[in-house]
Amino acid sequence: WEYIFEGDVLKAETLPPALEGVWATYYLIHSMSDHDDFNDRDVTAAKNFATAAHDKNVVRINYLAGLGDADADLSEHLRSRQLTGQALSECGVPVTEFRASILVGSGSVSFEMIRSLTERLPIMISPKWVYTKTQPIAIRDALSYLIGALSIPDSAGKIIEIGGKDIQTYHSMMMTYADARDL
């Protein structure tokens, strides 16, 4: 069965119809904006969603978050991803939180950014973030984790880090991409 529901996680009243009869969900929502209140909006959205899921007897929420040590000096966006996971967990539905770094593959925002910068700017003054270390993971591998969690009951209520095996900087990924494309 396929159903499409239009809802807005910032408008709690729009969510219950989408969760009717659903036993497991994937929460793949987060802000990428620079608005001052994006963090509050992310947490509000997560609470609205988790409350509606609880009220509709959903038994599992799978959430794709950002990889990063909670005790480290995380960026505002990474910190927001972790606060979102906490907000999802507070409403009583078990959450499996997968913490991933950059998803590599067509359609991934981070990958498309690397592709765009590399293809359009043969020379650039690099901002500080290009030297940030990351553990990229293939989209297909991340999807395998997300799908597989449904058949592993012990993953409920866990935080699972799914970074790839290689630690790279955005710079090294851009250079690898440039080499692969003969740029």
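Note that the coordinates shown come from a computational prediction; the quantities given were computed from them, not determined experimentally. (Residues numbered from 1 in each chain as written. Predicted model: local features only at pLDDT ≥ 70, side-chain atom pairs only at ≥ 80, totals over all residues. Heavy atoms only, no water.)

Engineer: Give a detailed account of the pattern of salt bridges, specifying residues and quantitative values.
Structural biologist: Going through the model one piece at a time under the given rule, you end up with 5 salt bridges. A salt bridge links Glu112 to Arg115; the nearest nitrogen and oxygen atoms lie 3.0 Å apart. Within this pair, Glu112 and its partner Arg115 are both found in helix α4 (residues 109–120), separated by 3 residues, close to a single helical turn. Taking the relative accessible area as the measure of exposure, Glu112 reaches 28% and is therefore partly exposed. Judged by its relative accessible area of 23%, Arg115 falls in the partly exposed class. (Salt bridge = Lys/Arg side-chain N within 4 Å of Asp/Glu carboxyl O. Helix = DSSP H or I, 4+ residues; strand = E, 2+ residues; numbered from the N terminus. Buried < 20%, exposed > 50% of the residue type's maximum accessible area, 1.4 Å probe, protein only.)

Engineer: Break down the packing of aromatic side chains for me, with residues and values.
Structural biologist: Counted by the stated rule, this structure contains 5 aromatic pairs. Seen in terms of ring centroids, Tyr27 and Phe49 are 5.0 Å apart; in terms of plane orientation they differ by 55°. Their pairing is tilted. Of this pair, Tyr27 sits in strand β1 (residues 24–27) while Phe49 sits in helix α2 (residues 38–55); the two residues are 22 residues apart in sequence, bridging distant segments of the chain. Here the two residues Tyr27 and Phe49 agree in accessibility, since each one is buried. Summarising the aromatic geometry, the rings of Trp129 and Tyr170 are spaced 5.4 Å apart at their centres and angled 85° between planes, so their arrangement reads as edge-to-face. Of the two residues, Trp129 is situated in the loop between α4 and β5 (133–134) and Tyr170 in helix α6 (residues 170–180); the sequence distance between them amounts to 41 residues. In this structure an aromatic cluster arises from ring pairing among Tyr27, Phe49 and Tyr63. (Phe/Tyr/Trp six-rings, centres within 6.5 Å; stacked < 30°, edge-to-face > 60°.)

Engineer: Account for the nonpolar core, naming residues and giving values.
Structural biologist: Counting 20 residues, the largest nonpolar core has Leu19, Tyr27, Phe49, Ala53, Ile61, Tyr63 and Leu88 as the members making the most contacts within it. Put simply, the parts of the chain that give this core at least two residues each are α2, β2 (60–66) and α3 (76–89). Of the residues forming this core, the biggest block, 7 residues, is contributed by α2. Residue contacts for Leu19: discarding those within four places in its chain leaves Thr25, Phe49, Ala52, Ala53, Lys56 and Val58. Counting residues in each nonpolar core, the second largest holds 9 residues, with Ile102, Val130, Met174 and Tyr177 among its members. (Core = buried A, V, L, I, M, F, W, Y, C linked by side-chain atoms within 4.5 Å. Contact = heavy atoms within 4.5 Å.)

Engineer: Describe unusual backbone geometry, naming the residues involved and giving the relevant values.
Structural biologist: Notably, Asn57 is not glycine yet its phi reads approximately 65°, a positive angle. Structurally, the position occupied by Asn57 is in the loop between α2 and β2. Despite not being glycine, Asp182 has its phi angle at roughly 55°, a positive value. With respect to the element layout, Asp182 can be found in the segment after α6. The class of Asp182 is exposed, set by a relative accessible area of 71%.

Engineer: Which residues make up α3, and what values do they have?
Structural biologist: Here α3 contains 14 residues, and its C-alpha end-to-end distance of 20 Å stays within 8% of the 20 Å for a straight helix at 1.5 Å per residue. Taken residue by residue, α3 has Ser80, Arg81, Gln82, Thr84, Gly85, Ala87 and Leu88 as its buried positions. On the buried face of α3, the contacting elements are β1, α2, β2 and β3 (95–100). (Expected span 1.5 Å × (residues − 1).)

Engineer: Kindly report on the environment of Asp154, identifying the contributing residues and their values.
Structural biologist: Tracing the backbone through its elements, the reader meets Asp154 in the loop between α5 (139–148) and β7 (159–161). On the basis of relative accessibility, which here comes to 64%, the residue Asp154 falls in the exposed class. Remark: the alpha-carbon pair of Asp154 and Thr96, spanning 58 residues in sequence, is separated by 9.5 Å.

Engineer: Which residues make up the confidence of the model for the chain, and what are the values?
Structural biologist: The predicted model of the chain has a mean per-residue pLDDT of 88, with 96% of residues at 70 or higher. The least confident element of the chain, judged by mean pLDDT, is α3 at 84; the most confident is β1 at 95. (pLDDT = per-residue confidence, 0-100.)

Engineer: I'd like to hear about the packing of α2 against α3, residue by residue, with values.
Structural biologist: Two elements in contact, α2 and α3, have axes separated by 8 Å at closest approach and are oriented at 20°. The angle between α2 and α3 places the two elements in the roughly parallel class. Here α2 runs over α3; the crossing is right-handed. Of the residues in α3, those touching α2 at Phe38, Asn39, Asp42, Val43, Ala46, Lys47, Phe49 and Ala50 are Glu76, His77, Ser80, Arg81, Leu83, Thr84, Ala87 and Leu88. Residue classes in the contact of α2 with α3 are distributed as 8 nonpolar, 4 polar and 4 charged. (Axes fitted to C-alpha atoms, helices over the stretch in contact; angles between N-to-C directions. Parallel < 35°, antiparallel > 145°, perpendicular 65-115°, else oblique. Left-handed = near helix turned anticlockwise from the far one by under 90°. Nonpolar A, V, L, I, M, F, W, Y, C, P; charged D, E, K, R; others polar.)

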